[in-house]
Amino acid sequence: MEIVIKNMVCRQCINTVKRLLDECGINYTKVELGHALIDDATDNVAISQLDSLLNQEGFQRIIDHDSALIENVKLKIISHIRDEENANKHNLSDCLADSLGLSYDSISRIFSAKEGRTIEKYYIAQKIELVKELLDYGNLTLSEIADRIGYSSVAHLSRQFKSVTGYTPSDYAKSVHTRKGLNEV
């Protein structure tokens, strides 16, 4: 049986969910970002215990179809942005439609209704979070960051960055700041 888990955004999240499944005595065959394949014979007591432990760790098991779809869209967007080899070689709407088996219009409509913002706004927010992360590392120029993330120019990146954060990238790099988690934007 597949369970969908909200707020999994990194490898450490996968390890944490594996640990929680082990604590609950739930057999699993696979744990990936946002998903786990568990034994079909898992009883409701173990699932309830897992739900409680997931919540304590900042995760949540998703039960309804639309919420699961939204979580999958978010994970696909994060993956799309961070895939350095294929970054920006594929159209996001085509990637989402192909991987989720629904038309982009349907995905977009459900996402906007549930999230209160468009897929595009979420996509931009995630790109800006990656820009912040790369600026924090300090080992790439703004031009290299723009190229890596798929901006047409440094000017485009800078305009979008300022409209989302209120700072220019260089002002942000000089400031003391706290970044949001990837699934909080």
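Here, every reference points to the structure presented above.
Described in the following lines is the structure provided in the data block.

Rules and cut-offs
- Residues numbered from 1 in each chain as written.
- Predicted model: local features only at pLDDT ≥ 70, side-chain atom pairs only at ≥ 80, totals over all residues.
- Heavy atoms only, no water.
- Axes fitted to C-alpha atoms, helices over the stretch in contact; angles between N-to-C directions.
- Helix = DSSP H or I, 4+ residues; strand = E, 2+ residues; numbered from the N terminus.
- Parallel < 35°, antiparallel > 145°, perpendicular 65-115°, else oblique.
- Left-handed = near helix turned anticlockwise from the far one by under 90°.
- Contact = heavy atoms within 4.5 Å.
- Nonpolar A, V, L, I, M, F, W, Y, C, P; charged D, E, K, R; others polar.
- Pairing = 2+ DSSP bridges.
- Buried < 20%, exposed > 50% of the residue type's maximum accessible area, 1.4 Å probe, protein only.
- Arc of directions from axis to C-beta.
- Phe/Tyr/Trp six-rings, centres within 6.5 Å; stacked < 30°, edge-to-face > 60°.

**A few points about the packing of helix H3 (residues 65-82) against helix H4 (residues 92-100)**
At a closest axis distance of 10 Å, the pairing of H3 and H4 adopts a crossing angle of 130°. Between H3 and H4, the angle is such that the two are oblique. Where H3 crosses over H4, the two elements pack in a sense that is right-handed. Contacts from Leu-69, Asn-72, Val-73, Lys-76, Ile-77 and His-80 of H3 reach H4 at Leu-92, Cys-95, Leu-96, Ser-99 and Leu-100. Classifying every residue of the contact of H3 with H4 by side-chain character gives 7 nonpolar, 3 polar and 1 charged.

**Thoughts on the sheet that holds strand S3 (residues 35-38)**
The strand order S2-S3-S1-S4 describes an open sheet built from 4 strands, whose pairing is antiparallel. Only two strands of the sheet have a single neighbouring strand rather than two, namely strand S2 (28-32) and strand S4 (60-62). Direction aside, the axes of adjacent strands within the sheet are offset by 25° on average. Inspection of the sheet shows strand S1 (residues 2-6) paired to S3 by 3 bridges, in the antiparallel sense. Of the residues in S3, the one forming a bridge with Glu-2 is Leu-37. Against the sheet, helix H2 (residues 44-56) makes contact with S1, S3 and S4, and its axis sits at roughly 125° relative to S4, the strand it touches most.

**Topic: helix H7 (residues 142-149)**
If you check which residues of H7 are buried, you get Ile-145, Ala-146 and Ile-149. Within H7, the buried residues cover an arc of 100° as seen down the axis, which keeps them to one side. Where the residues of H7 are buried, they touch helix H6 (119-137) and helix H8 (154-165). One or two residues past the end of H7 sits Gly-150, with phi positive at roughly 95°.

**Some points on the packing of aromatic side chains**
In this structure the tally under the stated criterion is 2 aromatic pairs. On the basis of an interplanar angle of 70° and a centroid distance of 5.5 Å, the ring pair of Phe-161 and Tyr-172 is categorised as edge-to-face. One end of the pair, Phe-161, is in helix H8; the other, Tyr-172, is in helix H9 (residues 169-174), with 11 residues separating them in the sequence. In this structure Phe-161 comes out as buried when scored by relative accessible area, which is 0%. Owing to a relative accessible area of 3%, Tyr-172 belongs among the buried residues under this scheme.

**A word on the pairing of S3**
Each regular strand displays side chains that alternate between the two surfaces of the sheet. The sheet contact formed by S2 and S3 spans 4 bridges and is antiparallel. Each residue of the ladder has a partner; that of Glu-32, found in S3, is His-35. Where S2 folds back on S3, the antiparallel hairpin that results is connected by 2 residues, among which Gly-34 adopts a positive phi of roughly 85°.

**Some points on the side chain of Gln-160**
Relative to the elements of secondary structure, Gln-160 occurs in helix H8. With residues up to four places along the chain from it excluded, the contact list for Gln-160 reads Ile-124, Ile-128 and Tyr-151.

**What to know about the environment of Leu-96**
Of note, Leu-96 is situated in helix H4. For Leu-96, a relative accessible area of 1% puts it in the buried group. Spatially, the C-alpha atom of Leu-96 lies 9.4 Å from that of His-80, the residues being 16 residues apart in sequence. Excluding residues that lie within four positions of it along the chain, Leu-96 makes contacts with Val-73, Lys-76, Gly-101, Tyr-104, Ile-107 and Ile-119.

No statement about biological role is implied by the geometric values presented.
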